Amino acid sequence: MVKLAKFFYSEREMKFTKFLKNTCLIGFSAMALQAFADTGFRVPMSYSIELVDGLDEPEEYSRMTRLITLSPGRHQIVVRFGDNFDNDKGIVQSANPLVIDIYALQTDQVLTFSYPSLTSDEAAQRFAREQKITLCDDKGRPVPDSVASYFLMTSENGFTVLRDYRQELMSLGR
């Protein structure tokens, strides 16, 4: 068999092929291990991060997977709804952010939330006012209130561009 392979391929080509196979195997193994080792919070589409544990920009955030890598334990994440649902009408944004309190994030646990499918600009505007969500794990299973909860941080001033979420949370004792 080896003699037949040598007949069709040079030894240099065979070494390159073997190197390529091994490199791919190592790369895929590393990606598989990383997939099992995730611990954090996955930001759903149509939401943007405002604060993670009081910081404006989390250190461990992948824009590709939308995963904020977190250590096990307690965390607080502030996200805001905003997306374009009808090209003619512009972006629909919420005036108030969601504050997600994670009380007991476990190792290798990824939390997120689900919300209704928004197919029109009107549905998105209605949702932006109420933002009823379901906190769940990455597989869509709801999590108990002892693991995580959320609230809509309303403001008496309505929509303001330069809102200080950190200061508002401190004034609420959170």
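The rules we used
- Residues numbered from 1 in each chain as written.
- Predicted model: local features only at pLDDT ≥ 70, side-chain atom pairs only at ≥ 80, totals over all residues.
- Heavy atoms only, no water.
- Salt bridge = Lys/Arg side-chain N within 4 Å of Asp/Glu carboxyl O.
- Helix = DSSP H or I, 4+ residues; strand = E, 2+ residues; numbered from the N terminus.
- Buried < 20%, exposed > 50% of the residue type's maximum accessible area, 1.4 Å probe, protein only.
- Phe/Tyr/Trp six-rings, centres within 6.5 Å; stacked < 30°, edge-to-face > 60°.
- Polar contact = N/O pair within 3.5 Å; in protein donor to acceptor, adjacent residues only side chain to side chain.
- Pairing = 2+ DSSP bridges.
- Contact = heavy atoms within 4.5 Å.

Bringing the pattern of salt bridges into the picture now. With the rule as written, the count across this model stands at five salt bridges. Residue Glu 50 is joined to Arg 80 by a salt bridge in which the shortest nitrogen-to-oxygen separation is 3.6 Å. One end of the pair, Glu 50, is in strand 2 (residues 47–52); the other, Arg 80, is in strand 5 (residues 73–86), with 30 residues separating them in the sequence. The class of Arg 80 is buried, set by a relative accessible area of 16%. Two residues, Arg 141 and Asp 137, come together in a salt bridge whose shortest N-O distance is 2.8 Å.

It is worth spelling out the packing of aromatic side chains at this point. Taken as a whole and judged by the stated rule, the model has seven aromatic pairs. Note on Phe 41 and Phe 113: the rings are 6.2 Å apart at their centroids and 35 degrees apart in plane angle, and the pair reads as tilted. In this pair, Phe 41 is assigned in strand 1 (residues 40–42) and Phe 113 in strand 8 (residues 110–114), connecting sequence segments 72 residues apart. The buried category is assigned to Phe 113, whose relative accessible area is 4%. Judged by centre distance (5.6 Å) and plane angle (70 degrees), the rings of Tyr 47 and Tyr 115 are edge-to-face. Here the residue Tyr 47 occupies a position in strand 2, and Tyr 115 occupies one in the loop between strand 8 and helix 3 (121–130), the gap between them amounting to 68 residues. Assessed through its relative accessible area of 4%, Tyr 47 is described here as buried.

Attention now moves to the side chain of His 75. Mapped onto the fold, His 75 is located in strand 5. We classify His 75 as buried; its relative accessible area is 8%. Of note is the side chain of His 75, whose polar atom sits 2.7 Å from the side chain of Asp 53. Within the structure, His 75 has its side chain in polar contact with the backbone oxygen of Ser 71 (distance 2.6 Å).

Before going further, it helps to examine the sheet that holds strand 9 (residues 134–137). The strand order across the open sheet formed by five strands is 3-4-1-8-9, and the pairing between neighbours is mixed. This sheet does not close on itself; its edge strands, each paired only once, are strand 3 (61–62) and strand 9. As paired elements, strand 1 and strand 4 (residues 67–69) share three bridges and run antiparallel to each other. Bridge pairing in strand 4 links Gly 40 to Thr 69.

Another aspect to go through is unusual backbone geometry. Trans is the prevailing form of peptide bonds, just as negative phi is the prevailing case for residues other than glycine. Phi at Arg 66 is positive, roughly 60 degrees, even though this residue is not glycine. Looking at where Arg 66 falls in the secondary structure, it is placed in the loop between strand 3 and strand 4. A positive phi is found at Asp 108, a non-glycine position, where the angle reads about 65 degrees. Structurally, the position occupied by Asp 108 is in the loop between strand 7 (98–105) and strand 8. Under the relative-accessibility criterion, Asp 108 is labelled partly exposed at 49%.

Of note, Ala 124 is situated in helix 3. In contact with Ala 124, not counting residues within four places along its chain, are Phe 81, Phe 85, Val 92 and Leu 118.

Everything listed is a geometric property; what it means functionally is a separate question.
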